[in-house]
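Fold and contact review
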2 protein chains.
Amino acid sequence: MYDAFFESMTVPAQTKIAMLILDGLGGLPREAGGKTELESARTPNLDALAARSALGLSLPLGPGMAVGSGPGHLALFGYDPLQYEIGRGALEALGVDFELGPDDVAARGNFCTIDEQGILTDRRAGRLPTEDSTRLLELLREIHIEGVELFLLPVKEHRFAFVMRGTGLSADLSETDPLKTGVAPLKVSALRPEADKAARLVNEFIRQANSLLAGKHPANMIMLRGFAKLPTVPSFAEKFKLHAACVAVNGMYRGVSRLAGMDVLKVGGITLADEFTTLEQRWTEYDFFYLHFKKTDTCGESGDFEGKVKAIEEFDAQLPRLLALQPDVVIVTGDHSSPAVLKSHSWHPVPLLIYSAYVRPDGLAEFGERACSRGSLGIMPAKHIMPLALANAGRVAKYGA
Amino acid sequence: MYDAFFESMTVPAQTKIAMLILDGLGGLPREAGGKTELESARTPNLDALAARSALGLSLPLGPGMAVGSGPGHLALFGYDPLQYEIGRGALEALGVDFELGPDDVAARGNFCTIDEQGILTDRRAGRLPTEDSTRLLELLREIHIEGVELFLLPVKEHRFAFVMRGTGLSADLSETDPLKTGVAPLKVSALRPEADKAARLVNEFIRQANSLLAGKHPANMIMLRGFAKLPTVPSFAEKFKLHAACVAVNGMYRGVSRLAGMDVLKVGGITLADEFTTLEQRWTEYDFFYLHFKKTDTCGESGDFEGKVKAIEEFDAQLPRLLALQPDVVIVTGDHSSPAVLKSHSWHPVPLLIYSAYVRPDGLAEFGERACSRGSLGIMPAKHIMPLALANAGRVAKYGA
């Protein structure tokens, strides 16, 4: 109820907000009494900005809950991640930079092995190399089904993304992966009557794929699961009256931004420096910029503590380029924690910094987990970051007299 | 849900609670690294009380939302400001100290200018001086409409408050101000069938006013907007089993207190010292006192940093008079922030102090924004202050065995 009320109170203004997301930023010390990745990094620019900012910790979803980048970003963008769920199939397609449309039905696909009786013997086709599965997808692209357009996109090893585009398609479909070997893959069935058409078309695709793959052992069959369409979410323009742009190189983040109605900008390379160059070049055109940095999460997930420290230092070195543009509001945080010692996403709240000329600076000249835990923002639900940023940007009317 | 449950658990007791509200208390530093108004003020009495108190920050409504004094006070009194909305017309009438009854329909009125064809040429009648509009309201008081009593109350310049008292009146009425010139003022229409009667009577009033004002250029017409009745809210006695009194000199705060079922005490003057005198004189009669100090907000809204500092020091000098009465619980906070540098209400959480013999003192011998951000109460929704005060006053039963 507060969310809808808040959105009704937003007003346009001539101010700019920059949200800088270090994916998986939050960390843990390697040993008792030690420092986290962020605390270990030498970050003179972040520390100087922290001294003029309000600090706190961002809670992506709720206590004890580790989230993926999808819900993590929805929360950062001010959406309730439990209200707007991005299904697995849709995430897979977004993750390979596919421009998923509002009516597309997407699924996670994978190659598998069946025996002569059609019984599943390997759910991953021996973890088929990516080049092999890419070549086999070429073969499957020969399949044409009346009334729909099909897209098959390589992901990694035995995995691919499946997208079916057409009208009147529902994603309320059962999955074909029986989750164990020794049985046959399942047929897709409609979970609601309006999904009958989609079920029939998907089963026809699988039948033809099966026939084309005969003899291609170990990848002689496919399975599909996580059927999903994109959720319909109100855009940043509708919610917050912001003309918003995304600066990111990875598909999934570009996809979630597109979902939120942001313009997804072309970045002239894959480095963080390239992203900052895009930010500089397009600065006058938008009033909200989301910039995404992937490396912190990649290092966290692979257990590379030192790599994550270096990634944070790389970010720190670029930060002055944004500050030179004199943004009205700067947010620095992550979509979730990815401590190197856990090699995975975690539930820990994420260091958060909000700078504007109108925050009450905490005077804590350090950006790190412990400094942030002493900050005046406290532990703040991630979805409250946008409201606070908008207030600091003079974009919210007063309620009542 | 918690609210209703909590209220069912309150019990009477022989204890006294004093809630001292410095309007617009929260502030901002004038320059980076500087102090806020409250941090700049010399407040030996508040600081000494802070050392024996629990500190925190009060969030009036939600993240990023600046509120008016109406919703700000409802929250302080333990009501949800989104559940109980005080409409603009009702606020206007309360603001000039009118004793608005539960069935009265109130509106904001203003004089305006129309040309010979009835087309609006100035929505504010050249910002008519207050004395002129007061004189013209005398003229309009000649209007009598069968079945209702009318009240016309000068506000400032071209503005006035309109109140219609009678039975069977609904405030679900459209407004007459078209919000632009070059068109005729609108007629009032009923937004729901039960408002037909009120619409007819208001239109008749406007017709007669128009006729009386003919030739009174520039104030030859009136417009009415923000039709509202008072919301029906449970009283302090029902909610909290408190016999409550209001000590305030400004109409709006007296009005909101009356809405909450408090006895609104007569104050023998307009200074803060006069308010403390009333508190002393009536101390034995009530178990809850709300005391309101306006000057902090007036200075904040006019950008007078030094004036706000002095107002806080004036409050500090009076505080020992309350403490000498040995209240069981003392709350010191504001209904919202009004930083002088912003010259307006703001979204920043408000310094909060709760004293009783049973709080856990934070040992922070300073009452200021940064000290409060380190306090044990954290960032607390304003409507949770009353429950905490009641517990400290021994007025809440234990839940469950």
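Note that the structure is a prediction, hence the values are computed from the model and not measured.

1. Points about the side chain of Thr278 of chain B
Residues and elements named next belong to chain B. Structurally, the position occupied by Thr278 is in helix α10 (residues 272–282). According to the relative accessible area criterion, Thr278 is buried, its value standing at 2%. Setting aside residues up to four positions removed in sequence, Thr278 forms contacts with Val247, Leu265, Lys266, Val267 and Gly268.

2. Side note on the interface of chain B and chain A
Contact with chain B, which involves 31 residues of that partner, is made by 24 residues of chain A. With both chains or domains summed, chain B and chain A bury close to 2,300 Å², and 67% of this area falls on carbon and sulfur atoms. Summed over the shared surface of chain B and chain A, the number is 9 residue pairs in polar contact (both at pLDDT 80 or more). Mapped by element, the contributors of at least two residues to the side of chain B that touches chain A are α4 (69–76) and α13 (369–373) of chain B. Residues belonging to the side of chain B that touches chain A are distributed by class as follows: 17 nonpolar, 11 polar and 3 charged.

3. Things to note about unusual backbone geometry
Residues and elements named next belong to chain A. A cis amide bond, omega 10°, links His217 with the succeeding residue Pro218. Looking at the secondary structure, you find Pro218 in the loop between α7 (196–213) and β7 (221–228). Of note in this structure, Leu179 is not a glycine but carries a positive phi near 70°. Inspection of the secondary structure puts Leu179 in the loop between β6 (159–165) and α7.

4. Side note on the relation of the copies chain B and chain A
Relative to chain A, chain B is turned by 122° and slid 0.2 Å along the rotation axis, the superposed coordinates differing by an RMSD of 0.2 Å. Both chain copies can therefore be described as sitting about a three-fold axis.

5. What to know about the environment of His348 of chain A
All names here are of chain A. With respect to the helices and strands, His348 occurs in the loop between β11 (329–333) and β12 (350–356). With 290 residues separating them in the primary sequence, His348 and Ser58 have C-alpha atoms 8.9 Å apart. Once you skip the residues sitting within four places of it in the chain, His348 turns out to touch Leu28, Ser337, Pro339 and Leu342. Reaching out from His348, the side chain makes a polar contact with the side chain of Ser346 at a distance of 2.7 Å.

6. Some remarks on the packing of helix α6 (residues 130–140) of chain B against helix α7 (residues 196–213) of chain B
All names here are of chain B. Remark: α6 packs on α7, axes separated minimally by 10 Å, with the N-to-C direction vectors making an angle of 120°. With respect to each other, α6 and α7 are oriented oblique. Between α6 and α7 the crossing geometry is right-handed. Between α6, through Leu136, Leu139 and Leu140, and α7, the contact on the second element is made entirely by Ala209, Leu212 and Leu213.

7. Concerning the confidence of the model for chain A
On average, residues of chain A carry a pLDDT of 96, and 100% of them reach 70 or more. Prediction confidence for the complex, expressed as pTM and ipTM, is 0.89 and 0.88 respectively.

8. Quick look at the sheet that holds strand β1 (residues 17–22) of chain B
All names here are of chain B. Here 8 strands make up an open sheet; going across it, the order is β9-β8-β10-β1-β11-β12-β2-β13 and the pairing mixed. The open sheet has two free edges, formed respectively by β9 (263–264) and β13 (379–381), since each of these has just one partner strand. Relative to strand β10 (residues 288–293), strand β8 (residues 244–247) is paired through 4 bridges, and the arrangement is parallel. Counted as the bridge partner of Val247 is Leu291 from β10. Contacts from α10 reach β8 and β10 within the one sheet, and its direction differs from that of β10 by about 170°. Helix α12 (residues 305–323) contacts β1, β10 and β11 (329–333) of the sheet and is inclined by roughly 170° relative to β1.

9. Brief notes about the sheet that holds strand β9 (residues 263–264) of chain A
Residues and elements named next belong to chain A. Taken in spatial order, the 8 strands line up as β9-β8-β10-β1-β11-β12-β2-β13 in an open sheet, and their pairing is mixed. Edge positions in the sheet fall to β9 and β13 (379–381), since each of these pairs with one other strand and no more. Relative to β12, strand β2 (residues 54–59) runs antiparallel, the two being bridged by 5 bridges. Directly across from Ala54, in β12, lies its bridge partner Ile354.

10. Examining the packing of aromatic side chains
The full count for this structure, using the stated rule, is 30 aromatic pairs over all chains. Pairing Phe77 of chain A with Phe236 of chain A gives two aromatic rings, centres 5.8 Å apart and planes at 85°, and the pair type is edge-to-face. Of the two residues, Phe77 of chain A sits in the loop between α4 (69–76) and α5 (88–95) while Phe236 of chain A sits in helix α8 (residues 236–240), which places them 159 residues apart along the sequence. For the pair Phe77 of chain A and Phe236 of chain A, one class covers both residues: buried. Ring centres 5.8 Å apart and planes at 80° place the aromatic pair Tyr286 of chain B and Phe289 of chain B in the edge-to-face group. We classify Phe289 of chain B as buried; its relative accessible area is 0%. Aromatic ring contacts, followed pair by pair, group Phe77, Phe236, Phe240, Phe288 and Tyr290 of chain A into a single cluster.

11. Details of a nonpolar patch on the surface
Nonpolar side chains collect at one region of the surface, where Leu61, Met65 and Leu82 of chain A lie side by side and expose about 290 Å² of accessible area between them. Considering the arrangement of structural elements, one finds Met65 of chain A in the loop between β2 and α4.

Reading guide: rules and limits
- Residues numbered from 1 in each chain as written.
- Chains lettered and ligands numbered in written order.
- Predicted model: local features only at pLDDT ≥ 70, side-chain atom pairs only at ≥ 80, totals over all residues.
- Heavy atoms only, no water.
- Helix = DSSP H or I, 4+ residues; strand = E, 2+ residues; numbered from the N terminus.
- Buried < 20%, exposed > 50% of the residue type's maximum accessible area, 1.4 Å probe, protein only.
- Contact = heavy atoms within 4.5 Å.
- Buried area = accessible area lost by both parts, 1.4 Å probe.
- Polar contact = N/O pair within 3.5 Å; in protein donor to acceptor, adjacent residues only side chain to side chain.
- Nonpolar A, V, L, I, M, F, W, Y, C, P; charged D, E, K, R; others polar.
- Least-squares fit on C-alpha atoms with pLDDT ≥ 70 in both.
- Axes fitted to C-alpha atoms, helices over the stretch in contact; angles between N-to-C directions.
- Parallel < 35°, antiparallel > 145°, perpendicular 65-115°, else oblique.
- Left-handed = near helix turned anticlockwise from the far one by under 90°.
- pLDDT = per-residue confidence, 0-100.
- Pairing = 2+ DSSP bridges.
- Phe/Tyr/Trp six-rings, centres within 6.5 Å; stacked < 30°, edge-to-face > 60°.
- Patch = residues over 30% accessible without salt bridge, like charges linked within 9 Å, V, L, I, M, F, W, Y side chains within 5 Å.
- Areas by Shrake-Rupley, 256 points an atom, 1.4 Å probe, with all protein chains shown as cover.
- Salt bridge = Lys/Arg side-chain N within 4 Å of Asp/Glu carboxyl O.

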